[in-house]
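Structural overview for review
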Amino acid sequence: MSNVKDMLDKGKIIEKLGQNFEYENIEVYKSIDSTNTELKRRAKIVANHGLTLIAEEQTAGRGRMGRHFYSPANTGIYMSILLKPLIPAEDTLLITTMTSVALCLSIEEHFHKKPVIKWVNDVYMDNKKVSGILTEAVSNAVTGEIEYLIVGIGINYSTGDFPGDIEEIATGIADETSDVDRNTFTATFLKNFWRLFENIYDKSIMEQYKERSMVIGKDIRFLEGKEWTNAHALDIDDVGGLIVRLENGEERVLSTGEISLRLR
Ligand code: BTN
């Protein structure tokens, strides 16, 4: 019987992916600095669309806005996926939103719990973050076109002991009663990820994203440069932009950045 503490294993993940699964180009590392950094190194030399790097531990895991992503051994899933088909730069946000939907669907499938998404890409359960996504685009220096995208997903799976302040804001998906091991969960996620990726322009993905949004209808503040601005989150547009109304009545669409919810 498998348990939450099973080590990540390429053979087991592939077995769970089943036959006819196209994206089996998976490598599992015991420890690495960062799967996003390694995938970038690999892509510079030669790497195919779909290459997926997964690690048990990251010693220099990276989050958005230059932050560190806590990536302890044996309890998380740290994964980066290389996407090579040319997509317009304005659609990269769709990839990030689609990835958070894929993660929510995977959690719902195995845990029968309802995770929520904090714009743009953080997945929360019980008011604490269980996953973050860092999408990095590498553009051609001459044409400016996107050469490839690296989608990095950090999942606190059974992670329990967070250091210092992180304890207050992060938690793991699985508790000690869960018997869904990380290999099974990883395979479920990859199946959902590629199914949604292949239908990236399907409007229902954004509907599924919005259904799980913890931001729409809330008072928020957003960071621009070094300044926080108060706003009300009205909706999310078709490409993942957050439509907000400022206190002076002006409406804006945010396409990147940091927001926080304001409690009344
Ligand atoms: C965030 O919450 O700000 C995004 C965190 C993204 C973390 C993942 S873990 C796998 C991949 N490798 C990294 O160094 N970062 C991403």
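Everything below is about the structure shown above.
The sections below set out a description of the structure shown in this document. Just so it is clear, the model here is predicted, and its values are computed rather than measured.

**Let's talk about the sheet that holds strand S4 (residues 116-118)**
- Strand order in the open sheet made by the seven strands is S1-S2-S3-S7-S6-S5-S4, with mixed pairing throughout. Looking at the sheet topology across the chains shown, the edges are occupied by strand S1 (26-29) and S4. Each strand of the sheet is rotated relative to its neighbour by a mean of 20°, with strand direction disregarded.
- Bridge count for strand S2 (residues 52-55) against strand S3 (residues 76-83) is four bridges, and the pairing is antiparallel.

**Remarks on the packing of helix H3 (residues 92-111) against helix H5 (residues 182-197)**
- Between H3 and H5, the shortest axis-to-axis distance is 8 Å and the interhelical angle comes to 135°. By the angle between their directions, the pair H3 and H5 is classed as oblique. Classified by chirality, the crossing of H5 by H3 is right-handed. Residues Ile95, Met98, Thr99, Val101, Ala102, Leu103, Leu105, Ser106, Ile107, Glu109, His110 and Phe111 of H3 form the contact with H5, whose own contacting residues are Thr184, Phe185, Thr188, Phe189, Asn192, Phe193, Arg195, Leu196 and Phe197.
- Each residue belonging to the contact of H3 with H5 can be placed in one class, and the counts come to 13 nonpolar, six polar and two charged.

**Concerning the sheet that holds strand S11 (residues 251-254)**
- Spatially, the five strands line up as an open sheet ordered S11-S10-S9-S8-S12, and their pairing is antiparallel. This sheet does not close on itself; its edge strands, each paired only once, are S11 and strand S12 (258-261). Neighbour-to-neighbour, the strand axes of this sheet turn through a mean angle of 45°, independent of strand direction.
- As paired strands, strand S10 (residues 242-246) and S11 are joined by four bridges and run antiparallel to one another. Counterpart to Ile243 in the pairing with S11 is Val253.

The rules behind each value
Residues numbered from 1 in each chain as written. Predicted model: local features only at pLDDT ≥ 70, side-chain atom pairs only at ≥ 80, totals over all residues. Heavy atoms only, no water. Pairing = 2+ DSSP bridges. Helix = DSSP H or I, 4+ residues; strand = E, 2+ residues; numbered from the N terminus. Axes fitted to C-alpha atoms, helices over the stretch in contact; angles between N-to-C directions. Parallel < 35°, antiparallel > 145°, perpendicular 65-115°, else oblique. Left-handed = near helix turned anticlockwise from the far one by under 90°. Contact = heavy atoms within 4.5 Å. Nonpolar A, V, L, I, M, F, W, Y, C, P; charged D, E, K, R; others polar.

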